[in-house]
Amino acid sequence: MALALFDLDNTLLGGDSDHLWGEYLVELGVVDGEQYRAANDRFYQQYRDGLLDIDQFLAFALRPLSQHPLEQLEQWHAQFMRLKIEPIVLPAALELVAHHRSQGDQPVIITATNRFVTAPIAARFGVDQLIATEPEFIDGSYSGRVAGVPCFREGKVTRLRHWLQQQGLDLSGSSFYSDSHNDLPLLEQVSQPVAVDPDPTLAEQAQERGWPIISLRG
């Protein structure tokens, strides 16, 4: 059984769920709208530019989880799924995941976006295995801190290798689909790296290395 690894934001989704969640909190009026939106946009641009300080971003992104009861957060997320995520679920992405499953591969979503935001999205794709940044959860509430290694850049490789050890699996015959140059450390580890609607830096790297380039947004 080979692994079919998928980045989530701007790969399986036609947008970025992390950034959209921040926007949705602004719409709900539960964060300081102007200040929060400016910071959310700034961090997103830093991510796109390859300049993101992941620790600073997570301190920002996880703080709202610590400020509201879990039941309220889950209600907001259900609305978020319906209003913001469903419109950017790419039909071709659903088909790609289903194709790998039909070939006997094990689909895994691996994403820097935290598990609170992404677990319901992975379920929407029918993917049981999710490797994501873990928000610390203590006594029924989020602390606002991250637990363990953030699943970002080289951290994705670290988190995946830990998961492989737990599962007794390896990367033989594996594939990884991503849009972002931030995922180059993991793309270099798999048998079949695939650039999906890639950013300019990843597109250039994929062309130089002879990696397939595909679009799921057709």
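Described in the following lines is the structure provided in the data block. None of these values were measured; they are calculated from a predicted model. (Residues numbered from 1 in each chain as written. Predicted model: local features only at pLDDT ≥ 70, side-chain atom pairs only at ≥ 80, totals over all residues. Heavy atoms only, no water.)

Let us now look at the layout of surface pockets. Quantified by volume, the largest pocket comes out at close to 210 Å³. Forming the boundary of the largest pocket are 14 residues, of which Asn-10, Tyr-44, Arg-48, Asp-179 and Asp-199 lie nearest the centre. Among the elements of the structure, helix H1 (8–12) and helix H3 (33–49) are those that each provide at least two residues to the lining of the largest pocket. Here the lining of the largest pocket gets three residues from one element, more than from any other, and that element is H3. Along the lines of polarity and charge, the residues of the lining of the largest pocket split into four nonpolar, four polar and six charged. (1 Å grid on protein atoms, 1.4 Å probe; cavity = no way out; pocket = protein on both sides within 12 Å on 5 of 7 lines; lining within 4 Å. Points joined across faces, edges and corners; volume = space filled by probe spheres on them. Helix = DSSP H or I, 4+ residues; strand = E, 2+ residues; numbered from the N terminus. Nonpolar A, V, L, I, M, F, W, Y, C, P; charged D, E, K, R; others polar.)

On to the pattern of salt bridges. In the structure shown here, the tally under the stated rule is eleven salt bridges. Linking Asp-183 and Lys-156 is a salt bridge whose minimum nitrogen-to-oxygen distance equals 2.9 Å. Of the two residues, Asp-183 sits in the loop between strand S5 (175–178) and helix H9 (184–187) while Lys-156 sits in helix H8 (residues 154–167), which places them 27 residues apart along the sequence. Comparing Asp-183 with Lys-156 shows no difference in burial state: the two are buried. Residues Arg-209 and Glu-188 are paired through a salt bridge, measuring 2.9 Å at the closest nitrogen-oxygen approach. On the criterion of sequence distance, the pair formed by Arg-209 in helix H10 (residues 200–209) and Glu-188 in the loop between H9 and strand S6 (192–196) is long-range, its members being 21 residues apart. Counted as one network, the salt bridges with shared partners bring together Asp-7, Lys-156 and Asp-183. (Salt bridge = Lys/Arg side-chain N within 4 Å of Asp/Glu carboxyl O. Buried < 20%, exposed > 50% of the residue type's maximum accessible area, 1.4 Å probe, protein only.)

Another point: unusual backbone geometry. Of note in this structure, Asp-139 is not a glycine but carries a positive phi near 50°. The phi dihedral of Arg-153 is positive, around 50°, even though this residue is not glycine. Looking at the element boundaries, Arg-153 is found in the loop between strand S4 (141–147) and H8.

Moving on: empty space enclosed by the protein. Unfilled space is identified by rolling a water-sized probe across the atoms. In this structure the tally under the stated criterion is two cavities of 30 Å³ or more. Space inside the largest cavity adds up to approximately 240 Å³. Together, 21 residues line the largest cavity, and Asp-16, Asp-18, Tyr-47, Ala-112 and Thr-113 are the ones closest to its centre. Of all the secondary-structure elements, those providing two or more residues to the lining of the largest cavity are helix H2 (17–28), H3, helix H4 (54–62) and strand S2 (106–114). Grouping the constituent residues of the lining of the largest cavity by class yields eight nonpolar, five polar and eight charged. Considered as a void within the structure, the second largest cavity measures approximately 40 Å³ in volume. Taken together, Asp-18, Trp-21, Gly-22, Tyr-36, Asn-40, Phe-57, Phe-60 and Ala-61 form the lining of the second largest cavity. When residues of the lining of the second largest cavity are traced back to their parent elements, those giving at least two are H2, H3 and H4. Grouping the amino acids of the lining of the second largest cavity by side-chain chemistry returns five nonpolar, two polar and one charged.

Ordered in space as S4-S3-S2-S1-S5-S6-S7, the seven strands form an open sheet in which the pairing is mixed. The sheet is open, and its two edges are formed by S4 and strand S7 (213–214), each paired on a single side. Where strand S3 (residues 129–138) and S4 come together, four bridges link them in antiparallel fashion. What sits directly across from Phe-137, in S4, is Tyr-142. Helix-sheet contacts for helix H7 (residues 115–124) involve S2, S3 and S4, and the interaxial angle to S3 is about 140°. Running over the sheet, H8 touches strand S1 (3–6), S2, S3 and S5 and is turned about 100° from S3. (Pairing = 2+ DSSP bridges. Contact = heavy atoms within 4.5 Å. Axes fitted to C-alpha atoms, helices over the stretch in contact; angles between N-to-C directions.)

Structural measurements only, silent on function.
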